[in-house]
Amino acid sequence: MTQYSVFCVALLVVYLVPGPDMFLLLNTGASEGRRQALMTALGLALARAAHVCLAALGLAALLRSHPWAFELLSIAGGLYLAWLGWQLLCAPLTPPPLSVTLRCAEAIGRQR
């Protein structure tokens, strides 16, 4: 196998292995509908492809050889997660709209 073939096989395995994003996809499908679930799946696929491509291009080696770049990236990621947490804490506590609740109940009823 060529290196490109190994890369494609690795990418396929990464796409097929379920993970925490499966919960996100199922939750989105149940609450938002099929179209939003497909958009979520597309976003997850693009994110995985970008991650694998950056690894193939040597980003991991660059971060290993330049510890300050890794530190900078870690700090930026931590600040982004803190900002997301702050946004979540400041968000109003409102129940989901009745239409979402009814759609979830219908989806559960169809599964039985």
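The structure presented is a predicted model; accordingly, all values stated were derived computationally and were not measured.

Enquirer: How would you sum up the packing of aromatic side chains? Please name residues and give values.
Expert: To describe a pair of aromatic rings, you give the distance between the ring centres and the angle between the ring planes. Across all of its chains, the model carries one aromatic pair by this definition. Ring geometry for Tyr 80 against Trp 83: centres 6.3 Å apart, planes inclined by 25 degrees, an arrangement best described as stacked. Taken together, the positions of Tyr 80 and Trp 83, both in helix α5 (residues 67–90) and three residues apart, correspond to about one turn of that helix. A relative accessible area of 47% places Trp 83 in the partly exposed class.

Enquirer: Describe the state of the cysteines, listing the residues and the values that go with them.
Expert: A full pass over the atoms with the stated rule returns zero disulfides. With no disulfide partner, Cys 8 has as its closest neighbouring cysteine sulfur the one in Cys 53, 9.4 Å distant.

Scoring rules and cut-offs
- Residues numbered from 1 in each chain as written.
- Predicted model: local features only at pLDDT ≥ 70, side-chain atom pairs only at ≥ 80, totals over all residues.
- Heavy atoms only, no water.
- Phe/Tyr/Trp six-rings, centres within 6.5 Å; stacked < 30°, edge-to-face > 60°.
- Helix = DSSP H or I, 4+ residues; strand = E, 2+ residues; numbered from the N terminus.
- Buried < 20%, exposed > 50% of the residue type's maximum accessible area, 1.4 Å probe, protein only.
- Disulfide = S-S within 2.5 Å.

By themselves, these are just geometric observations and shouldn't be taken as functional.
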